[in-house]
Structures are given as structure tokens and as C-alpha cells.
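Here are the chains, one letter per residue:
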Amino acid sequence: MDELNGKLIACQILITGLIARVANEQRDPLRFLTDFRDEIKAVVNGVNIAGMENTDRVRAVAQKTVDELFSLMKPPSSD
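Bear in mind the structure is a predicted one, so any value in this text is a computation, not a measurement.

*Asks:* What's the story with the pattern of salt bridges in this structure? I'm lost.
*Replies:* Where charged atoms of side chains with opposite charge meet at close range, the side chains can pair. Summed over the entire model, instances satisfying the criterion amount to five salt bridges. A salt bridge links R21 to E25; the nearest nitrogen and oxygen atoms lie 3.6 Å apart. Just as R21 is exposed, E25 falls in that class too.

Structure below.
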């Protein structure tokens, strides 16, 4: 289980870095991140979760993970 958690954390870091890289190349990086976050949250809300009794809990954890990923990103500095 620890190995799986480590791989998931590594994947989250990789995804966060990729999103930040793409955002930095945008004209308005903060708007890009906001729009992208909203799209990801809409996908999480619309995903069909089969084979589980408590899909609301799974969806809530997924939403929390999205929020955590985007909270790692800071607005660009004014320098």
C-alpha cells in the first residue's frame, strides 16, 4: 500500500508540474489555471463510478485531491 501511495504522490507531482508548465506559456496563466481547475472538477462530477456502494465519498475525495493539486500552484510573481 505504501508503494501505491508513493506512486500516486509522484503522479500528482508530475501532473502539477505539467499543468504549471503549460500555464506559464499562456498569456494569462492564472485564468488558465482557474478554467482548467473548473473543467477538471466538472469531469470529476460527471464520471460514472461503478462497483461501489458509496460513490459520493469517492467523488468527494477526488474533488479534494483536485483542490489540493491546484492549491500547490501559486500565482505568478510580479517580478
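*Asks:* Help me understand the packing of helix α2 (residues 29–46) against helix α3 (residues 55–71), please; the structure alone is not making it clear to me.
*Replies:* Working note: a packed helix pair is described by the angle between its axes plus the distance between those axes. Axis separation between α2 and α3 bottoms out at 9 Å; the angle between their running directions is 170°. The angle between α2 and α3 falls in the class roughly antiparallel. Crossing geometry of α2 relative to α3 is assigned as right-handed. The residues of α3 that touch α2, namely those facing L33, F36, R37, I40, K41, V44, N45 and G46, are R59, A62, Q63, V66, D67 and F70. For the contact of α2 with α3, the per-class residue count stands at seven nonpolar, three polar and four charged.

*Asks:* Would you mind going over the nonpolar core with me for this structure?
*Replies:* Core analysis: the largest hydrophobic core is formed by eight residues, namely I19, A23, L33, V44, V66, L69, F70 and M73. Those elements that provide at least two residues to this core are α1 (2–24), α2 and α3. The leading source of residues in this core is α3, at three residues. Filtering out sequence-adjacent residues up to four positions away, L69 remains in contact with Q12 and T16.

*Asks:* Help me out: how do you make sense of the packing of aromatic side chains in this one?
*Replies:* The geometry of an aromatic ring pair is captured by the separation of the ring centres together with the interplanar angle, meaning the angle of the planes. According to the stated counting rule, one finds two aromatic pairs in the structure shown. On the numbers, 5.8 Å between centres and 15° between planes, the contact of F32 with F36 is stacked. Here F32 and its partner F36 are both found in helix α2, four residues apart, which amounts to about one turn of the helix. The class of F36 is partly exposed, set by a relative accessible area of 26%. Aromatic ring contacts, followed pair by pair, group F32, F36 and F70 into a single cluster.

Parameters at a glance
Residues numbered from 1 in each chain as written. Predicted model: local features only at pLDDT ≥ 70, side-chain atom pairs only at ≥ 80, totals over all residues. Heavy atoms only, no water. Salt bridge = Lys/Arg side-chain N within 4 Å of Asp/Glu carboxyl O. Buried < 20%, exposed > 50% of the residue type's maximum accessible area, 1.4 Å probe, protein only. Axes fitted to C-alpha atoms, helices over the stretch in contact; angles between N-to-C directions. Helix = DSSP H or I, 4+ residues; strand = E, 2+ residues; numbered from the N terminus. Parallel < 35°, antiparallel > 145°, perpendicular 65-115°, else oblique. Left-handed = near helix turned anticlockwise from the far one by under 90°. Contact = heavy atoms within 4.5 Å. Nonpolar A, V, L, I, M, F, W, Y, C, P; charged D, E, K, R; others polar. Core = buried A, V, L, I, M, F, W, Y, C linked by side-chain atoms within 4.5 Å. Phe/Tyr/Trp six-rings, centres within 6.5 Å; stacked < 30°, edge-to-face > 60°.

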